[in-house]
Amino acid sequence: MSTKNINLPPVHSGKVRDIFDAGDGRLLMIASDRISAFDVVMDEPVPEKGRVLTAMSAYWFETLADVLPSHLISTDVADFPPEAQANGVAGRTMLCHRAEMLPIECIVRGYLSGSAWKEYKAQGTMHGQELPKGLRESDKLPEPVFTPSTKAESGHDENISYDQAVELVGPDLAQQARAASLELYRRASEAAAKKGIIIADTKFEMGLVNGTLVVADEVLTPDSSRFWPVDGWSPGATPPSYDKQPVRDYLSTLDWDKQYPPPPLPDEVVSASAARYISAYEIITGRSFADWPG
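Everything in this summary refers to the structure shown in the same document. (Residues numbered from 1 in each chain as written. Predicted model: local features only at pLDDT ≥ 70, side-chain atom pairs only at ≥ 80, totals over all residues. Heavy atoms only, no water.)

**Some remarks on the overall build of the protein chain**
At step 1: Counting its secondary structure elements, the protein chain contains 6 helices and 16 strands.
At step 2: A globule of 294 residues ought to have a C-alpha radius of gyration of about 19 Å, and the protein chain, at 19 Å, matches this closely.
At step 3: With the C-alpha coordinates aligned to their principal axes, the bounding extent of the protein chain is approximately 60 × 50 × 40 Å.
At step 4: When each of the 294 residues of the protein chain is scored for burial, the buried share is 49%. (Helix = DSSP H or I, 4+ residues; strand = E, 2+ residues; numbered from the N terminus. Rg over C-alpha atoms; globule rule 2.2 N^0.38 Å. Buried < 20%, exposed > 50% of the residue type's maximum accessible area, 1.4 Å probe, protein only.)

What follows is the structure in structure tokens.
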């Protein structure tokens, strides 16, 4: 959708979200259908992606509110400032408290995959911590591990140790963030497992609202998490995932330097990605995506 009809001061435009100042210590966050791969935004949007991210975040914010409050105020257009009640915002927009964001990504890993697998394969460690020998790609870890990273303005975030996180946010906040992240992951992964989904790892964004730690941005979506079907998981291989894997798989077949501009995406790749996002929402929540506003 276009944000030209949003008559509020812009705050930030990222790879996926456009953020506006809604006044009174509030932000309006609009999730677009933009999709990125290898840190490059593709020219083709994935239909309904922004609505899925918003719907799933709203579901988890509510479901896990007893573990940690969130920044979410409302997803109802009627609660938005009049300047933001534009066509196209329904279902993809959150009115939120403005939080003082922590300068770290709060990552929890339950399985050995992605950058953690690459580090383990090279050094036998994960974020500098030694792991048991003989683990395979996608193996379940002995227990979930909090593995923070820095927030990069551009390019890739940098994996850091817990001690480095303490240096950035202080011991009390680091301890709160770690404990909350692990409990959020435990609760969500247990719930998802009952639906046939493995949450291999996930990334939480946290901040302070009036001195209280909250979870913010998005939570436990296909963009911030690695969702695997239980029946598709096998240690020693990369399981299929409910996200933009069709895009990554297609791009990996091309002779592309992973720099801007991106190559065009075929319609079938875009459609396959859209289907995976919607499927993830419906399986995990048990709700029909058709019932979500939009």
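**Digging into the environment of alanine 37**
At step 1: Within the element layout of this structure, alanine 37 appears in strand S4 (residues 36–37).
At step 2: Here alanine 37 falls in the buried class, since its relative accessible area comes to 2%.
At step 3: Contacts of alanine 37, omitting those with residues within four sequence positions, involve Met42, Val247, Arg248, Leu251 and Trp256. (Contact = heavy atoms within 4.5 Å.)

**Side note on the packing of helix H5 (residues 245–252) against helix H6 (residues 267–285)**
At step 1: Contact pair H5 / H6: the axes reach a minimum separation of 7 Å and the direction vectors enclose 150°. The orientation of H5 relative to H6 falls into the category roughly antiparallel. On H6, the residues that touch Gln245, Pro246, Val247 and Tyr250 of H5 are Val269, Ala272, Ser273 and Arg276.
At step 2: A per-class count over the contact of H5 with H6 returns 5 nonpolar, 2 polar and 1 charged. (Axes fitted to C-alpha atoms, helices over the stretch in contact; angles between N-to-C directions. Parallel < 35°, antiparallel > 145°, perpendicular 65-115°, else oblique. Nonpolar A, V, L, I, M, F, W, Y, C, P; charged D, E, K, R; others polar.)

**Quick notes on the state of the cysteines**
At step 1: In the structure shown here, the tally under the stated rule is 0 disulfides.
At step 2: Of all cysteine sulfurs, the one in cysteine 106 lies closest to cysteine 96, which takes part in no disulfide; the gap is 17 Å.
At step 3: The exposure class assigned to cysteine 96 is buried, which follows from its relative accessible area of 0%. (Disulfide = S-S within 2.5 Å.)

**Points about the sheet that holds strand S1 (residues 10–13)**
At step 1: Reading across the sheet, the 5 strands line up as S1-S2-S3-S7-S6 and stay open at both edges, with antiparallel pairing between neighbours. Where the open sheet ends on each side, the last strands, each with one partner, are S1 and strand S6 (72–74). This sheet shows a mean twist of 30° between the axes of neighbouring strands, independent of strand direction.
At step 2: In terms of strand pairing, strand S2 (residues 17–23) meets strand S3 (residues 26–31) through 6 bridges, oriented antiparallel. Opposite isoleucine 19, over in S3, you have methionine 29 as the bridge partner.
At step 3: Together, S2, S3, S6 and strand S7 (93–97) form the strand contacts of helix H1 (residues 49–63), whose direction differs from that of S7 by roughly 45°. (Pairing = 2+ DSSP bridges.)

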